[in-house]
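# Results of the structural survey
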Amino acid sequence: MVAQALLFAPLGFVLRFLLPSSAEVWRNLMGNIAYETFWIGLFLAIAPRLKPRSVAIAVCLVTCGLEFLQLNHHPILEAARATLPGRLILGNGFTWIDLLQYFPASAIGWCCAVKLKQRFPNWEGAL
């Protein structure tokens, strides 16, 4: 699962920031897939005994919650969003399309996690 997290973090940056702006819908979808898959892989690397399906559902729900949190412009949240880590984790603008994309993105992340666990059953918790 570490491999999943390490692979999808840079892939998410590349897809979200380096694709041409004319491909914004695809850029957002691919970035959301990388984002969800990264978090699923990271949490499974930290707690390998968890079931990938449960982690994927939890990640999807949390990212949907974070998307709704973007509607809140509390000064503490705005200060956090002014930093790169805060912007990457909290986001900086609510969009309905992201909510819709998190569900298939989490399903793809779940599939990646299941395939990696099947392929490397003894390597699942190595950090």
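Everything numeric in this text was worked out from a predicted model, so none of it was measured. (Residues numbered from 1 in each chain as written. Predicted model: local features only at pLDDT ≥ 70, side-chain atom pairs only at ≥ 80, totals over all residues. Heavy atoms only, no water.)

## A few points about the overall build of the protein chain
Check the secondary structure of the protein chain and you find six helices and zero strands. In sequence order, the secondary structure elements of the protein chain are arranged as α-α-α-α-α-α. The buried share of the protein chain, reckoned over its 127 residues, is 36%. Long-range contacts, defined here as pairs at least 24 residues apart, represent 66% of the contacts in the protein chain between residues at least 6 apart. Total accessible area on the protein chain is roughly 7,700 Å²; 73% of this is exposed by carbon and sulfur atoms. (Helix = DSSP H or I, 4+ residues; strand = E, 2+ residues; numbered from the N terminus. Buried < 20%, exposed > 50% of the residue type's maximum accessible area, 1.4 Å probe, protein only. Contact = heavy atoms within 4.5 Å. Areas by Shrake-Rupley, 256 points an atom, 1.4 Å probe, with all protein chains shown as cover.)

## What to know about the nonpolar core
In terms of nonpolar packing, the biggest core is built from 11 residues, these being Tyr35, Trp39, Ile40, Leu44, Val55, Ala56, Val59, Leu66, Leu77, Leu90 and Ala113. For this core, the secondary structure elements donating two or more residues are helix H2 (24-46) and helix H3 (52-69). Here alanine 56 is in contact with Ile40, Ser106 and Trp110, once residues within four sequence places are set aside. (Core = buried A, V, L, I, M, F, W, Y, C linked by side-chain atoms within 4.5 Å.)

## Points about a nonpolar patch on the surface
Among the surface-exposed residues, Phe68, Leu71 and Trp96 lie close enough to one another that they form a single nonpolar patch of about 370 Å² accessible area. On the secondary structure map, leucine 71 appears in the loop between H3 and helix H4 (75-81). (Patch = residues over 30% accessible without salt bridge, like charges linked within 9 Å, V, L, I, M, F, W, Y side chains within 5 Å. Salt bridge = Lys/Arg side-chain N within 4 Å of Asp/Glu carboxyl O.)

## What about the packing of H3 against helix H6 (residues 96-119)?
Where H3 contacts H6, the two axes come as close as 9 Å, and the packing angle between them is 155°. Between H3 and H6, the angle falls in the class roughly antiparallel. In the packing of H3 onto H6, the handedness of the crossing is right-handed. Counted together, Pro52, Arg53, Ala56, Cys60, Thr63, Cys64, Glu67 and Phe68 of H3 and Trp96, Asp98, Leu99, Tyr102, Phe103, Ser106, Trp110, Ala113, Val114 and Lys117 of H6 form the full contact between these two elements. Considering only residue class, the contact of H3 with H6 consists of 12 nonpolar, two polar and four charged. (Axes fitted to C-alpha atoms, helices over the stretch in contact; angles between N-to-C directions. Parallel < 35°, antiparallel > 145°, perpendicular 65-115°, else oblique. Left-handed = near helix turned anticlockwise from the far one by under 90°. Nonpolar A, V, L, I, M, F, W, Y, C, P; charged D, E, K, R; others polar.)

## Remarks on the environment of threonine 37
Of note, threonine 37 is situated in helix H2. Taking the relative accessible area as the measure of exposure, threonine 37 reaches 0% and is therefore buried. Separated by 69 residues in the primary sequence, threonine 37 and serine 106 have C-alpha atoms spaced 6.5 Å apart.

## Side note on the environment of glycine 41
Here glycine 41 is to be found in helix H2. Its relative accessible area of 0% is what places glycine 41 among the buried residues. When the C-alpha positions of glycine 41 and proline 52 are compared, they lie 8.7 Å apart, and in sequence the two are 11 residues distant.

## Regarding the side chain of serine 106
Checked against the element boundaries, serine 106 lands in helix H6. Here the side chain of serine 106 touches glutamate 36 through a polar contact of 2.5 Å, side chain to side chain. Setting aside chain neighbours within four positions, we find serine 106 in contact with Glu36, Ile40, Ala56 and Cys60. (Polar contact = N/O pair within 3.5 Å; in protein donor to acceptor, adjacent residues only side chain to side chain.)

## Some thoughts on the confidence of the model for the protein chain
Residues at a pLDDT of 70 or more form 77% of the protein chain, whose mean pLDDT is 82. Within the protein chain, no element has a lower average pLDDT than helix H1 (residues 2-18), which sits at 61, and none a higher one than H3, at 95. (pLDDT = per-residue confidence, 0-100.)

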